[in-house]
Amino acid sequence: MSRRAAGGDGAAFAMLVEKYERPLRGFLARTIGPEHADDIAQEAFIKAWRAAGQYNGRARYSTWLTRIAWRCRLDALRRERKTETMDESAGYAPPSGEAEDMLARLSETERASLVLCEGHGWTHAEAAELLGMPLGTLKSTVARAKAKCRAMWEGADHG
């Protein structure tokens, strides 16, 4: 299906959107906040369609698509900083729940690393490639995020 989409088959691409839209939006909602997830996902799918011919099959399609989405988020952050319109509302405010609260207290990189590796089952190598960081740094980031979450959990009288 991804090879057909890479060849310009619109119906095949529509099937890929249907297959990956929910997981991509879920990843984005958990890492950057639900208020930005839909816009970034939409931008990522548009860019994926425009660049469909560049997909070479070396990585899973979901990895390729998520990398596009992550770059869209980085571009959006740059635009926000450039126009100096970022305010406190641009941060991640989870709807409710202890897990969401713990994730919100992590840095965006820690959150993305943890959600990809532990929540979505990506390998460390896949997550490192997506986030554009060395493998060792990714592993340290995941370990640090886990330690912070463990400390928050134990500090809330759960342990």
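Residues numbered from 1 in each chain as written. Predicted model: local features only at pLDDT ≥ 70, side-chain atom pairs only at ≥ 80, totals over all residues. Heavy atoms only, no water.

Draft legend 1. Up close: the side chain of Thr31. Along the chain, the position of Thr31 falls in helix H2 (residues 10–32). Thr31 gets classed as buried once you look at its relative accessible area, which sits at 0%. For Thr31, the side chain forms a polar contact with the main-chain oxygen of Phe27, separated by 2.9 Å. With sequence-adjacent residues up to four places away left out, Thr31 is seen in contact with Trp70, Glu108, Arg111, Ala112 and Val115. (Helix = DSSP H or I, 4+ residues; strand = E, 2+ residues; numbered from the N terminus. Buried < 20%, exposed > 50% of the residue type's maximum accessible area, 1.4 Å probe, protein only. Polar contact = N/O pair within 3.5 Å; in protein donor to acceptor, adjacent residues only side chain to side chain. Contact = heavy atoms within 4.5 Å.)

Draft legend 2. Main features of helix H8 (residues 135–155). With 21 residues, H8 extends 30 Å from end C-alpha to end C-alpha; this agrees with the ideal 30 Å at 1.5 Å per step. If you check which residues of H8 are buried, you get Leu138, Thr141, Val142, Ala145, Cys149 and Met152. Looking straight down H8, one finds its buried side chains confined to an arc of 100 degrees; they lie on one side. Residues of H8 that are buried make contact with helix H5 (98–105), helix H6 (108–119) and helix H7 (124–131). (Expected span 1.5 Å × (residues − 1). Arc of directions from axis to C-beta.)

Draft legend 3. Highlighting the nonpolar core. Judged by nonpolar contacts, the single largest core of 44 residues is most densely connected at Leu24, Phe27, Leu28, Tyr61, Leu131 and Leu138. Elements represented by at least two residues in this core include exactly H2, helix H3 (34–50), helix H4 (61–83), H5, H6, H7 and H8. Not counting residues up to four positions away in its chain, the partners in contact with Leu24 are Ala41, Ala44, Phe45, Leu65, Thr66 and Ala69. (Core = buried A, V, L, I, M, F, W, Y, C linked by side-chain atoms within 4.5 Å.)

Draft legend 4. Region of interest: the side chain of Thr63. Inspection of the secondary structure puts Thr63 in helix H4. When residues no more than four places from it in sequence are discounted, the contact partners of Thr63 are Trp122, Glu126 and Leu130.

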